[in-house]
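Listed below, chain by chain, are the residues.
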Amino acid sequence: MAGAETNPGALQYEQTLMYGRYTQDLGVFAKEEAARLRQEKDHTRIFSRDHVKRAELIEYDRSRCSKCRICSVRCQTFLISKVGEDWIFLILLGLLMALVSWAMDFAIAMCLQAQKWMYSGLEHNVSLQYLAWVTYPVVLITFSAGFVQIIAPQAVGSGIPEMKTILRGVVLKEYLTLKTFVAKVIGLTCALGSGMPLGKEGPFVHIASMCAALLSKFMSLFGGIYENESRNIEMLAAACAVGVGCCFAAPIGGVLFSIEVTSTFFAVRNYWRGFFAATFSAFIFRVLAVWNKDEETITALFKTRFRLDFPFDLQELPAFAVIGIASGFGGALFVYFHRKIVAIMRKQKTINKFLMKKRLLYPALVTLIIATLSFPPGFGQFMAGELTQKETLVTLFDNRTWAKQGIAEEFDYIGISEAWKHPRANVFVTLVIFILMKFWMSALATTIPVPCGAFMPVFVIGAAFGRLVGESMAAWFPDGIHADGSIYRIVPGGYAVVGAAALAGAVTHTISTSVIVFELTGQISHILPVMIAVILANAVSQSLQPSVYDSIIRIKKLPYLPELGWGHLEKYNIRVEDIMVRDIHFVIVNCKYRDLQDLLHCTKLKHLPLVESADSMILLGSIERSQLQTLIDNQLSRRRRMDYLKAKAQTEKKMDADSHRIIDEGIKDVHDPGVRFEVGTEESSFSPTRNGSQKPLKPALKRVPSSSHDIASGTGPLDQTGIALKSLFCVNPTDEPGEDQYEIEDDMTASEIAEWEDKQFEEQVDFNNCKIDPAPFQLVEWTSLHKTHTMFSLLGLNHAYVTSIGKLIGVVALKELRKAIEGSVTSKGVKMRPPLASFRESGNSSSESDTTEIHKLWDRRESLTLPRESSPSDTDDKSH
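Residues numbered from 1 in each chain as written. Predicted model: local features only at pLDDT ≥ 70, side-chain atom pairs only at ≥ 80, totals over all residues. Heavy atoms only, no water.

### Focus: the overall build of the chain
Alright, step 1. Along the backbone of the chain there are 36 helices and 11 strands.
Alright, step 2. The buried share of the chain, reckoned over its 880 residues, is 45%. (Helix = DSSP H or I, 4+ residues; strand = E, 2+ residues; numbered from the N terminus. Buried < 20%, exposed > 50% of the residue type's maximum accessible area, 1.4 Å probe, protein only.)

Here's what the structure looks like:
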């Protein structure tokens, strides 16, 4: 104890009768020791920092205003050190996205206003009105499609499916670059300014992610932590929340929505980042609206004025439930219809080939059809064709009832609500036509190759469906619901809010649309009906179709892993051995380069397992395909061929020198034999080469010219000086080989090179210079499908090796796991066993064959040539 007390940094130890014991808890000691070391390090750092600061500020002490200058230098140093912190990054991200969102909304509003100005200015001529109404969106959509195709084709579409793939660990080329950002912003502005039924929420998630990626590159100048890949993934997760938050001024719903649509597993440490950036972005976005005098104060985008004392009656809950169930079927139908449109266009080879050559023809035709059908004097008069999406939502969320008993004469329209009025049709016909037409128009418009989303069109359709149910309830109960002697009239606007949240949630498979609706309307009076409808809509749609984002992932053939949804209970009985690929391509430790080349030719896998031998199949690690290709390239490289020729030349030179020594045995040579020049052509072609470790100046200056050679070759002292200068300034052993090297290379014919390469292929592979993953992810054959799916999703795996007591018996990749979940494990190479097959054979797991295999395995480990650390546990295991 005395020795321990003299050293305060040692763990207190007490000798007892048997083994002795530590009188201090190891965890407490570790914490105290770490705190002491950290304090000493901080003290040293502060002392050195103060010393450097005094050295930097000494020049300001002798001048005027020295205190101001010293303060400015200290502030500059402080800001540079702090600008790389998280909260600075998130503030900049929120500010940039708020500015981008407000500027785009302003430009879109100007484009839509220009279209209405052209339409209203030609009201006396219907033909010119139609021409202006159709030409304007066609020009904007065509420009958007052409601009995006030229600048960055990666900007086409929503962006959420790709971000979901990126956050899983997949690298998509040039998807988060500056040119993609420019193409996305300009293309989306033109697409939404055309008035087509398109959305901006999905593209804004992509735009925010690009802002975060570009900002990370800039912030890496101040802090190297932003060069870390894991850190960038965290910032991209926060950027997805900012994209939704600044789009709808809904920070809470934006964070929850981004988590639901982009993440399978979410790190809670990113929670505050998403909320902080999304809240700041939404705040700046609404402040800019007040500054532009669009709003008097910071309010919701679609503010409603529903009754708060009695917003709905319990007797109306069945109607809200009907909206949820119907929205579930409608959302599944929308996803199916959207995917079928793409599939039909791809199956028609002739049409597809023609449209691929005329890329701008398809968006122009789709825009022409939709604009023609929505022309207000034409068919658009039955579906409020002259209203924009924002105006449509404002009218649908109105809390005033449009009709009593559905009679046209008693409609009470005010302002822009007159667009729903038609002298020959009542409100029910108008809403039904609007829902049906917008349904297929939105599904068709989202297939146009321009930056666009599907959330907002679906949101509007759901609001119209909810309004239809609300107007029907108002017609069935014209005097309202009687409760406690009071009469409360039906509020159709509340039904519209419920329908919008339900259909949007059904299409995207999210619950957070309910929160987005509350933030959009500024009221939570209908929180219970909204939650009931959204949950029911998700229950129906998830059992029928994937979400629209997962559907797009399948259409674009991006790597994905489907969820174990409802109706997959039988999948829990499947194990890894039922779905793994047993025909494995592998690399043997003692293989030859020819075997390596044949293996790379017969497979395209990016990672290959390294095993001990083909008989034992003991897994030793995993090697990337690029590493194996590098091994082959190095083995057949020009440097190795030159080394071979150098060795050959030195051997021939030595033999030639021995023959000359025998002939001229009595003659003493006064010249240096290392620099003798032979006149013959064969000997000169194998002149001695310089050693790579020597400087090029030495052999050029130390050579003593032979008079006979000078006379024979016609060179004198001036020529030797020129050679020395040339060697001094021009020779580079690695980049510019000498003349003798070129002569050696030219001497080898094509047949000789082929013969030399054949000899190289027969050599054994040397893995010393190869990067090997010694611990690739492994599964045992008894692992369940559910656990495998969880690990693949959580860790972002692409493949996993299946081993049994160290032996490689199979491999499972995303492809096999996806087919097993989807119930289509019938492809070549995947041996699908019946469910519970592993359970039926569990009785043979402890047989003598397994015991024999274990003993063979331990015996083989003793003779393994690879380096390995020994541990006491190994000895204990062997003794057992």
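### Observations concerning the sheet that holds strand β7 (residues 619–624)
Alright, step 1. Sheet architecture is open: four strands sit in the order β5-β6-β7-β8, paired in mixed fashion. Because the sheet does not close on itself, it has two edges, and the strands there are β5 (587–588) and β8 (772–773).
Alright, step 2. Each of β5, β6 (607–611) and β7 touches helix α24 (residues 625–635); the most contacted strand, β7, lies at about 80 degrees to it. (Pairing = 2+ DSSP bridges. Contact = heavy atoms within 4.5 Å. Axes fitted to C-alpha atoms, helices over the stretch in contact; angles between N-to-C directions.)

### Here we look at the sheet that holds strand β11 (residues 807–813)
Alright, step 1. A sheet is described by the order of its strands in space; here three strands give the open sequence β9-β10-β11, paired in mixed fashion. In the strand order of this sheet, the two ends are held by β9 (778–780) and β11, each with one partner. For this sheet the average axis-to-axis angle between neighbouring strands, irrespective of direction, equals 35 degrees.
Alright, step 2. Strand direction decides the pairing type here: strand β10 (residues 799–804) and β11, joined by six bridges, are antiparallel. Its bridge partner lying in β11, Val 802 is registered against Gly 810.
Alright, step 3. Docked against the sheet, helix α32 (residues 785–795) engages β9, β10 and β11, running at close to 170 degrees with respect to β9.

### A few points about the nonpolar core
Alright, step 1. Core analysis: the largest hydrophobic core is formed by 139 residues, its most contacted members being Leu 93, Met 97, Ile 207, Phe 248, Phe 397 and Phe 459.
Alright, step 2. Ranked by the residues each element gives to this core, the list is headed by helix α17 (residues 455–476), at 13 residues.
Alright, step 3. Apart from residues lying up to four places away in sequence, Phe 459 is in contact with Leu 393, Phe 397, Ala 500, Ala 501, Ala 504, Val 517 and Leu 520.
Alright, step 4. Listed in part, the 19 residues of the second largest apolar core include Tyr 593, Ile 623, Phe 767 and Cys 770. (Core = buried A, V, L, I, M, F, W, Y, C linked by side-chain atoms within 4.5 Å.)

### Section: the side chain of Thr 803
Alright, step 1. Mapping Thr 803 onto the fold places it in strand β10.
Alright, step 2. Engagement of the side chain of Thr 803 in a polar contact is seen with the side chain of Gln 778, the distance being 3.2 Å.
Alright, step 3. Residues contacting Thr 803, with those up to four places away along its chain left out, are Leu 619, Gln 778, Leu 779, Val 780, Glu 781, Leu 808 and Ile 809. (Polar contact = N/O pair within 3.5 Å; in protein donor to acceptor, adjacent residues only side chain to side chain.)

### Let's talk about the pairing of β7
Alright, step 1. Of all six residues making up β7, five are buried, and the element is well covered by its neighbours.
Alright, step 2. Where β6 lies against β7, five bridges are found, and the strand directions are antiparallel. Looking at the pairing, Leu 610 lines up with Gly 621 of β7.
Alright, step 3. Where β7 and β8 come together, two bridges link them in antiparallel fashion. Paired with Ser 622 across the bridge in β8 is Asp 773.

### Brief notes about the packing of aromatic side chains
Alright, step 1. In the structure shown here, the tally under the stated rule is 17 aromatic pairs.
Alright, step 2. Through successive ring pairs, a cluster of aromatic residues spans Phe 248, Phe 257, Phe 397, Phe 455 and Phe 459.
Alright, step 3. For the cation-ring pair, Lys 200 lies above Phe 204, with the distance from its terminal atom to the ring centre recorded as 4.5 Å. (Phe/Tyr/Trp six-rings, centres within 6.5 Å; stacked < 30°, edge-to-face > 60°. Lys NZ or Arg CZ within 6 Å of the ring centre and 35° of its normal.)

### Some words on the packing of helix α12 (residues 317–347) against helix α16 (residues 427–445)
Alright, step 1. Relative orientation of the contacting elements α12 and α16 amounts to 45 degrees, with a least axis distance of 9 Å. Comparing the axis directions of α12 and α16 gives the class oblique. Once α12 is placed against α16, the crossing between them reads as right-handed. Within the contact between the two elements, α12 uses Gly 330, Leu 333, Phe 334, Phe 337, His 338 and Ile 341 and α16 uses Phe 439, Trp 440, Ser 442, Ala 443 and Leu 444.
Alright, step 2. Tallied by class, the residues present in the contact of α12 with α16 amount to eight nonpolar, three polar and no charged. (Parallel < 35°, antiparallel > 145°, perpendicular 65-115°, else oblique. Left-handed = near helix turned anticlockwise from the far one by under 90°. Nonpolar A, V, L, I, M, F, W, Y, C, P; charged D, E, K, R; others polar.)

### Side note on the environment of Ile 821
Alright, step 1. Among the secondary structure elements, Ile 821 is positioned in helix α33 (residues 814–822).
Alright, step 2. The class for Ile 821 is buried, based on a relative accessible area of 2%.
Alright, step 3. When the C-alpha atoms of Ile 821 and Leu 785 are compared, they prove to be 8.4 Å apart, with 36 residues separating the residues in sequence.

### Digging into the environment of Val 540
Alright, step 1. Mapped onto the elements, Val 540 comes out in helix α20 (residues 527–542).
Alright, step 2. Taking relative accessible area as the criterion, Val 540 reaches 15% and is therefore assigned buried.
Alright, step 3. With 214 residues separating them in the primary sequence, Val 540 and Ala 326 have C-alpha atoms 8.7 Å apart.
Alright, step 4. Ignoring anything within four residues of it in the chain, the contact list for Val 540 reads Ile 325, Gly 328 and Phe 329.

### A look at the side chain of Thr 180
Alright, step 1. Mapping Thr 180 onto the fold places it in helix α7 (residues 178–193).
Alright, step 2. For Thr 180, a relative accessible area of 0% gives the class buried.
Alright, step 3. Separated by 3.0 Å, the side chain of Thr 180 and the backbone oxygen of Glu 174 make a polar contact.
Alright, step 4. If we skip the residues at most four places from it in the chain, Thr 180 touches Ala 152, Gln 154, Ala 155, Glu 174, Tyr 175, His 206 and Met 210.

### Let's talk about the pattern of salt bridges
Close approach of charged atoms allows side chains of opposite charge to pair.
Alright, step 1. Tallied over the entire structure, the rule returns 13 salt bridges.
Alright, step 2. Linking Glu 762 and Lys 592 is a salt bridge whose minimum nitrogen-to-oxygen distance equals 3.6 Å. On the criterion of sequence distance, the pair formed by Glu 762 in the loop between α31 (750–761) and β8 and Lys 592 in the loop between β5 and α23 (593–602) is long-range, its members being 170 residues apart.
Alright, step 3. Accessibility expressed as a relative area gives 41% for Glu 762, which makes it partly exposed.
Alright, step 4. Here Asp 758 ties to Arg 594 by a salt bridge, and the two come within 3.7 Å at their closest N and O atoms. Of the two residues, Asp 758 sits in helix α31 while Arg 594 sits in helix α23, which places them 164 residues apart along the sequence.
Alright, step 5. A residue is classified by how much of its surface remains accessible, and Asp 758, at 40% relative accessible area, is partly exposed.
Alright, step 6. Here Arg 594 falls in the partly exposed class, since its relative accessible area comes to 28%.
Alright, step 7. Salt bridges linked by common partners bring Lys 592, Arg 594, Asp 758 and Glu 762 together as one network. (Salt bridge = Lys/Arg side-chain N within 4 Å of Asp/Glu carboxyl O.)

### So, a positive patch on the surface
Alright, step 1. A grouping of Lys 349, Lys 353, Lys 357 and Lys 358 is seen on the molecular surface, where their side chains present a positively charged patch.
Alright, step 2. Take Lys 358: it is sitting in the loop between α13 (349–357) and α14 (361–373).
Alright, step 3. On the basis of relative accessibility, which here comes to 48%, the residue Lys 358 falls in the partly exposed class. (Patch = residues over 30% accessible without salt bridge, like charges linked within 9 Å, V, L, I, M, F, W, Y side chains within 5 Å. Areas by Shrake-Rupley, 256 points an atom, 1.4 Å probe, with all protein chains shown as cover. Lys, Arg positive; Asp, Glu negative; His and termini not counted. Charge placed at Lys NZ, Arg CZ, Asp CG, Glu CD.)

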